[in-house]
Amino acid sequence: ADPTDQLPPGTIFIPGYVGNMHGARELFGARYPRIFLSRSPALVPSDAKLLEVVHKKPSSMTQENWNFLCSFRFGTVVFSAPLNGMPPLPCQVGEGDLDGDLYLCVFAPMILQSLDRSKSRAKNELRVCLAPALSSTSSSATENNTEQASTEDSPAEDSTSWLIDAQKKCLDLS
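Residues numbered from 1 in each chain as written. Predicted model: local features only at pLDDT ≥ 70, side-chain atom pairs only at ≥ 80, totals over all residues. Heavy atoms only, no water.

## Overview of the overall build of the protein
In terms of helices and strands, the protein carries five helices and seven strands. Overall, the protein shows an N-to-C arrangement of helices and strands of β-β-β-α-β-β-α-β-α-β-α-α. Residues classed as buried in the protein amount to 26% of the 174 residues present. Sequence-distant contacts in the protein: of pairs separated by 6 or more residues, those separated by 24 or more amount to 65%. Approximately 11,200 Å² of the protein is accessible, and the part contributed by carbon and sulfur atoms is 56%. (Helix = DSSP H or I, 4+ residues; strand = E, 2+ residues; numbered from the N terminus. Buried < 20%, exposed > 50% of the residue type's maximum accessible area, 1.4 Å probe, protein only. Contact = heavy atoms within 4.5 Å. Areas by Shrake-Rupley, 256 points an atom, 1.4 Å probe, with all protein chains shown as cover.)

This is the structure we're talking about:
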């Protein structure tokens, strides 16, 4: 975790320098502003995150604290502190913690662009596939509810409503 408690929430910092296209050295985050971070085992898509990498000293951070963060070894992942009530970032990445977990850090722009396209395409494909089913399930649920003696604890109503709710959640991949 961020020992300075001054990195912006939801970000990470990776110390070290890399060469840019002109052969000059620049801070890792300046060259690679976003990374895909995961840890093993990654069992579901939410076990990995696309995260912003801090690439310059935050305005609220002292120069001394910035120098301290920059002194860490290259490859160290410094997670920002969470906002109140939010789980820490390591917990959001494969239910990790800070006891020596190893993380997979993907920063190749071509792979990140592919992930962005895949997520967008998956959202659209799910909407196209599930929208007709959702509307027919929704209308048949309405028909069933009007045909039955409508009581709030009707088993048929309960068995249909959870499915409609699940389908709506599936369509929202944000």
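## Regarding the pairing of strand β4 (residues 34–39)
As defined by bridge partners, β4 adjoins strand β5 (residues 48–53) across five bridges and the pair is classed as antiparallel. Of the residues in β5, the one forming a bridge with S38 is A48. Pairing of β4 with strand β7 (residues 103–106) involves four bridges; the strand directions are antiparallel. Bridge pairing links R39 to Y103 in β7. (Pairing = 2+ DSSP bridges.)

## What about the sheet that holds strand β6 (residues 78–79)?
Pairing is mixed in the open sheet, where five strands are placed in the order β6-β1-β5-β4-β7. With partners counted over all chains shown, the strands left at the sheet margins are β6 and β7, one partner each. Here strand β1 (residues 11–13) pairs with β6 via two bridges, running antiparallel. Pairing of I12 across the sheet is with F79, part of β6.

## Structural notes on unusual backbone geometry
In this structure, D5 takes a positive phi of about 60 degrees despite not being glycine. Note that D5 resides in the segment before β1. Accessibility expressed as a relative area gives 55% for D5, which makes it exposed. Of note, the phi angle at E95 is positive, near 55 degrees, even though the residue is not glycine. One can find E95 in the loop between α3 (89–92) and β7. For E95, a relative accessible area of 68% corresponds to the exposed category.

## Looking at the side chain of R39
With respect to the secondary-structure elements, R39 resides in strand β4. Those residues within four positions of R39 in sequence are excluded, and the remaining contacts are D47, V93, G94, E95, G96, D101, L102 and Y103.

## Topic: the packing of aromatic side chains
Counted under the stated rule, the structure contains seven aromatic pairs. Plain terms: the ring middles of F28 and F107 are 5.1 Å apart, the flat faces sit at 85 degrees to each other, and that makes the pair edge-to-face. Here F28 is found in helix α1 (residues 28–31), whereas its partner F107 is found in the loop between β7 and α4 (109–147), with 79 residues between them in sequence. We classify F107 as partly exposed; its relative accessible area is 30%. Through successive ring pairs, a cluster of aromatic residues spans F28, Y32, F74 and F107. (Phe/Tyr/Trp six-rings, centres within 6.5 Å; stacked < 30°, edge-to-face > 60°.)

By themselves, these observations are geometric and do not establish any function.
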